[in-house]
Amino acid sequence: MGEGRLLHLTELSPTVTAAEMVKDLVPPRQFDGAQFSTYRPDPEYPSQAAAVEAGERFAGVKAAADSGGKGLFGFLKKAPPVKPGIYLDGGFGVGKTHLLASIWHAHPGRKYFGTFIEYTALVGALGYAEAVRSLKGTSLIAIDEFELDDPGDTMVMSRLLGELVDSGTSVAATSNTPPNALGEGRFAASDFLREITKLAGVFDTLRIDGTDYRRRDMSGHAAVTPAERLDVLVDEAVADGRSVAYDSFDDLVQHLATVHPSKYVRLVEKVDLLALRDVHELTDQAEALRFVAFIDRVYDAQIPIAASGLALDQIFGGGMLDGGYRKKYLRCVSRLIASTAQEQTASV
């Protein structure tokens, strides 16, 4: 085990080049080995098994598997036509990212995988024309967490994907539907198709039902570390050889405003544990959205969180959970619960 160290994210100002941003468009490390065979469909939700089959067909795995062992005239049976786009919609934690990563791994050719925010950040960093040039010729663009809450970003992505699809690129995308939002989920696919206008016809849309696997065996709130215990836990983690980022919640929130979201991945790349003290409610929308983008990178890197103060799943105040960014905040809540539970387990 390496030597532990204590660092403060508020003292870091990472840099990232456009070339590095393109190179980083790969699945999060917890999905390095994701395969269709390692996805475990819940038998209570048949749509999960159906999504696996659709993903295999889209990536060419199912067609190849079906081509053999069918008898003398098996080759005469045509597989159903596959559209150049597939869209997986469902609640949090039903395995959409696992399926998207499985599609990415199985799909041949040059390909990229990123969140909606990462692609829009790429366009912002490179400029639209250069982003198109960098991605053109790609066999597959995988977009996790496609978002419709910013009309400008949605229009840019729709235009970008239109140019890529016209040049032969396939597109796989996922989107989150809030859990327990009566009727809300059933409209997510139609909302997506409406917003991407002329691209609607290239997508097969699938709804994946199920419960959040991250919350099946845990309580409904993010774990809180008592203030008097947090310093001790940080010292123990450093002594155990872990790199610990330790900051006050206020200081981190303010620092995130000085770092472009495209650089958040560099901010946490050498962190084994994120420790936050004095967590409190957020009422400023801009601060909350930056924190959501930051937690996405923390979660992708599978960094556990220990925090004192208010439970992290309760930080979105001022009616934010009822507003236009509801999906973002609820996704973040799910990830905060999982990330704090992960550290609790590690500390046992």
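In what follows, the accompanying structure is described.

Focus: empty space enclosed by the protein
Using the criterion set out here, one finds one cavity of 30 Å³ or more in the structure. Volume-wise, the largest cavity comes out at about 170 Å³. The element that contributes the greatest number of residues to the lining of the largest cavity is helix 5 (residues 116-126), accounting for four residues. Class assignment for the residues of the lining of the largest cavity results in eight nonpolar, one polar and three charged.

Regarding the nonpolar core
Counting residues in hydrophobic clusters, the biggest one holds 37 residues, and the most contacted among them are Leu 9, Phe 249, Leu 274, Phe 291, Phe 294, Leu 312 and Phe 316. Listed by contribution, the elements that provide at least two residues to this core are helix 10 (249-256), helix 11 (264-267), strand 8 (273-279), helix 12 (285-300), strand 9 (305-309) and helix 13 (326-347). No other element matches helix 12, which puts seven residues into this core. Grouped together as the second largest cluster of nonpolar side chains are 28 residues, Tyr 87, Phe 116, Leu 122 and Val 132 included.

Overview of the packing of aromatic side chains
Overall, the coordinates contain five aromatic pairs when judged by the stated rule. Through pairs of rings, three or more aromatic residues link up here, namely Phe 249, Tyr 264, Phe 291 and Phe 294. For the cation-ring pair, Lys 111 lies above Trp 104, with the distance from its terminal atom to the ring centre recorded as 4.9 Å. Over the aromatic face of Tyr 128 sits the side chain of Arg 159, whose NZ or CZ is 3.9 Å from the ring centroid.

Some remarks on the sheet that holds strand 7 (residues 243-248)
With respect to topology, four strands assemble into an open sheet ordered 1-7-8-9, the strand pairing being parallel. One side of each edge strand has no neighbouring strand; the edge strands of this open sheet are strand 1 (5-7) and strand 9. Going across the sheet, the axis of each strand differs from the next one's by a mean of 20°, ignoring polarity. Pairing analysis gives four bridges linking strand 8 to strand 9, with the strands arranged parallel. Bridge pairing links Val 279 to Gly 309 in strand 9.

A closer look at the pattern of salt bridges
Scanning the entire structure with this criterion turns up 13 salt bridges. A salt bridge links Arg 57 to Glu 53; the nearest nitrogen and oxygen atoms lie 3.6 Å apart. Of the two residues, Arg 57 and Glu 53 are both situated in helix 2 (residues 46-59); the distance of four residues between them amounts to about one turn of the helix. Judged by relative accessible area, which is 27%, Arg 57 ranks as partly exposed. The exposure class of Glu 53 is partly exposed, given its relative accessible area of 36%. With its nearest N and O atoms 2.8 Å apart, the salt bridge here joins Asp 296 to Arg 331. Taken together, the residues span a long stretch of sequence, with Asp 296 in helix 12 and Arg 331 in helix 13 at a distance of 35 residues.

Cut-offs and rules
- Residues numbered from 1 in each chain as written.
- Predicted model: local features only at pLDDT ≥ 70, side-chain atom pairs only at ≥ 80, totals over all residues.
- Heavy atoms only, no water.
- 1 Å grid on protein atoms, 1.4 Å probe; cavity = no way out; pocket = protein on both sides within 12 Å on 5 of 7 lines; lining within 4 Å.
- Points joined across faces, edges and corners; volume = space filled by probe spheres on them.
- Helix = DSSP H or I, 4+ residues; strand = E, 2+ residues; numbered from the N terminus.
- Nonpolar A, V, L, I, M, F, W, Y, C, P; charged D, E, K, R; others polar.
- Core = buried A, V, L, I, M, F, W, Y, C linked by side-chain atoms within 4.5 Å.
- Buried < 20%, exposed > 50% of the residue type's maximum accessible area, 1.4 Å probe, protein only.
- Phe/Tyr/Trp six-rings, centres within 6.5 Å; stacked < 30°, edge-to-face > 60°.
- Lys NZ or Arg CZ within 6 Å of the ring centre and 35° of its normal.
- Pairing = 2+ DSSP bridges.
- Axes fitted to C-alpha atoms, helices over the stretch in contact; angles between N-to-C directions.
- Salt bridge = Lys/Arg side-chain N within 4 Å of Asp/Glu carboxyl O.

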